[in-house]
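In case you want the letters, here they are:
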Amino acid sequence: MIKILRTLTICMLLFLAGCMKNESKLLFELPADMNATFRVVYYASDKRGGTTLENVAVITKGKGELKCPMRNPMLIYLYPGTGQIDPIVLYAERGDDIKITGSSPDPATWTIEGNEIDRMLSEWRTANASILKKADPADTNKAVAQYVGENPQSPLSPLLLLTVFSRRHDETLFRRLWQSLSGDALDHTWSRIAARADIPSGSVTTPGRLKSMAVRSLSNGIDTIRPDSVKGALLFFWNNGLNDRRQRFDSIKALAKEFPDSSSRLIADICLDPDSLSWRSPLRSDSLKDVARLWIPAGLADRRIMALGVPRTPFFIVISPDGHQRYRGDDTSEAFSAFRKTISSKPATAKP
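Overview of the structure.

This part covers the overall build of the protein. Looking only at helices and strands, the protein features 11 helices and 15 strands. Looking at the protein as a whole, 44% of its 352 residues are labelled buried. For the protein, the proportion of contacts with a sequence separation of at least 24, taken over those separated by at least 6, is 61%. Accessible surface computed for the protein: about 19300 Å², of which carbon and sulfur atoms make up 52%.

Structural data, given as structure tokens:
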């Protein structure tokens, strides 16, 4: 009898699983006087691969429903279209009905239910609504850092880092927080569904040290970057079409004049365009002296560039004589400040 009951139970579960549709639903219950269209974007995947899909949720008199075809768990990005810079992030599994409810047109006050992850996301978003409305990356990062620091094992922690935290504004803090994760937060599912190309394996690596690197040079054919031969190095990575190119290069020109002894420091601009003409043409209008004019045609796909962790252009890296990266980012003033400190710092001396 027991065997029969077990068999029936298994059959019923298989039947229910087979009946479950390959989709999730977004169900809206908002103010009755609200009529709107919301952009919805998500990354759907199966065993053969994945693709980014885009749709529109139509809200009429506060009501709306949108079916999202899917197989694997995924993140859904909902753009309310109310001037809010960042989208609302939802988590969905196959068969989920995700309810978005609210008595106000303000997305910050909406409650989202559907699964445990959505409940946690909704609670965090509501608790930090005033911060998110300001759209200040520093404040938002601080709020995420507080949660991650207090909840390193929570699956919400990696999702906040991947979808809310601005890695561009504080890569060092991002890396430190990511490396502090433990338990369920280490599941590779979170980085996979976020479709983050910079964390393909679910882990974050520390940007590599630079010992030496041979690069094509405008004046010498080939130059070798060797941080250990100077007091400090500043590398500026760029592509043609840079909006503030003149201001950036004028600043670099001034910095080179500030440190005229080119034998004791290295300042280099490195073009990542694939075409040599795109690299050479804008240099004709520059009057940079004692600055290495370099070119890496493979761009961000170059293995050395990937090892250095250059994520985009424009981008600065300041390197000390031991090859360690002292600054990474796109802020000119911060890069120059780090370069000056590196140049002025005294090298460590061996103890007798």
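Put simply, helix 5 (residues 156–163) and helix 6 (residues 171–179) touch, their axes get as near as 10 Å, and they point 160° apart. It follows from the interaxial angle that helix 5 and helix 6 lie roughly antiparallel. Between helix 5 and helix 6 lies a crossing of left-handed hand. Mapping the contact onto sequence places Pro158, Leu161 and Leu162 in helix 5 and Phe174, Leu177 and Trp178 in helix 6. Partitioned by chemical class, the residues of the contact of helix 5 with helix 6 number 6 nonpolar, no polar and no charged.

Among the residues of helix 9 (residues 276–283), those classed as buried are Trp279, Pro282 and Leu283. End-on, the buried residues of helix 9 take up no more than an arc of 110°, which puts them together on one face. Packing partners of the buried residues in helix 9 comprise strand 9 (213–217), strand 11 (233–238), helix 8 (245–258), strand 12 (266–271) and strand 13 (292–295).

To continue, consider the pairing of strand 11. Burial analysis of strand 11 places 6 of its 6 residues in the buried class, the great majority of the element. A two-sided burial pattern is seen for strand 11, the buried positions comprising Ala233, Leu235 and Phe237 on one face and Leu234, Phe236 and Trp238 on the other. Read as a crossover between parallel neighbours, the route from strand 11 over helix 8 to strand 12 is right-handed. Taken together, the 5 bridges between strand 11 and strand 14 (residues 315–319) define a ladder with antiparallel strand orientation. For Leu234, the partnering residue across the bridge sits in strand 14 and is Val318.

Turning to the packing of aromatic side chains, a few remarks are in order. Evaluated as defined, the whole model comprises 11 aromatic pairs. When the ring of Phe165 is compared with that of Phe174, the centres are 5.9 Å apart and the planes differ by 50°; the resulting orientation is tilted. Take Phe165: its relative accessible area is 6%, and that puts it in the buried class. Owing to a relative accessible area of 0%, Phe174 belongs among the buried residues under this scheme. Pairing Trp279 with Trp295 gives two aromatic rings, centres 5.1 Å apart and planes at 15°, and the pair type is stacked. With Trp279 in helix 9 and Trp295 in strand 13, the pair connects residues that are 16 residues apart, well separated along the chain. One exposure class covers both Trp279 and Trp295, and it is buried.

Moving on: the pairing of strand 4 (residues 63–69). What you see with strand 4 is a clean split: Gly64, Leu66 and Cys68 sit on the buried side and Lys63, Glu65, Lys67 and Pro69 on the side with no burial. Strand direction decides the pairing type here: strand 1 (residues 23–29) and strand 4, joined by 7 bridges, are antiparallel. Residue pairing across strands places Ser24 opposite Cys68, the latter belonging to strand 4.

A few words on the packing of helix 8 against helix 11 (residues 332–344). Where helix 8 contacts helix 11, the axes come no closer than 11 Å and their chain directions differ by 15°. By the angle between their axes, helix 8 is roughly parallel relative to helix 11. Seen from above, helix 8 lies across helix 11 with right-handed handedness. Contacts between helix 8 and helix 11 involve Arg248, Ser251, Ile252, Leu255 and Glu258 from the first element and Thr332, Phe336, Phe339 and Arg340 from the second.

Mapped onto the secondary structure, Leu234 falls in strand 11. Assessed through its relative accessible area of 0%, Leu234 is described here as buried. For the pair Leu234 and Thr342, spaced 108 residues apart in the sequence, the C-alpha separation amounts to 9.8 Å. In contact with Leu234, other than residues within four places in its own chain, are Leu255, Leu266, Ile267, Ala268, Phe316, Ile317, Val318, Ala335, Phe336 and Phe339.

What follows covers the sheet that holds strand 4. Ordered by their spatial adjacency, 4 strands build an open sheet running 4-1-7-8, and the pairing between neighbours is mixed. Of all strands in the sheet, those with a lone pairing partner are strand 4 and strand 8 (111–113), marking the two edges. Across the sheet, the mean angle from the axis of one strand to that of its neighbour is 15°, orientation sign disregarded. Across the sheet, helix 2 (residues 116–127) is in contact with strand 7 (97–101) and strand 8; its angle to strand 8 comes to roughly 170°.

So, on to the side chain of Ser191. Within the secondary structure, Ser191 is located in helix 7 (residues 189–193). Within the structure, the side chain of Ser191 is placed 3.1 Å from the backbone oxygen of His188, a separation counted as a polar contact.

On the basis of which strands lie adjacent, the open sheet formed by 7 strands has the order 10-9-13-12-11-14-15 and mixed pairing. In this open sheet, the two strands that pair with only one neighbour each are strand 10 (221–225) and strand 15 (325–329). For this sheet the average axis-to-axis angle between neighbouring strands, irrespective of direction, equals 30°. Both strand 9 and strand 10 contribute to a ladder of 5 bridges, which runs antiparallel. Each residue of the ladder has a partner; that of Arg216, found in strand 10, is Ile222.

Analysis parameters
- Residues numbered from 1 in each chain as written.
- Predicted model: local features only at pLDDT ≥ 70, side-chain atom pairs only at ≥ 80, totals over all residues.
- Heavy atoms only, no water.
- Helix = DSSP H or I, 4+ residues; strand = E, 2+ residues; numbered from the N terminus.
- Buried < 20%, exposed > 50% of the residue type's maximum accessible area, 1.4 Å probe, protein only.
- Contact = heavy atoms within 4.5 Å.
- Areas by Shrake-Rupley, 256 points an atom, 1.4 Å probe, with all protein chains shown as cover.
- Axes fitted to C-alpha atoms, helices over the stretch in contact; angles between N-to-C directions.
- Parallel < 35°, antiparallel > 145°, perpendicular 65-115°, else oblique.
- Left-handed = near helix turned anticlockwise from the far one by under 90°.
- Nonpolar A, V, L, I, M, F, W, Y, C, P; charged D, E, K, R; others polar.
- Arc of directions from axis to C-beta.
- Right-handed = clockwise from strand over helix to strand, strands pointing away.
- Pairing = 2+ DSSP bridges.
- Phe/Tyr/Trp six-rings, centres within 6.5 Å; stacked < 30°, edge-to-face > 60°.
- Polar contact = N/O pair within 3.5 Å; in protein donor to acceptor, adjacent residues only side chain to side chain.

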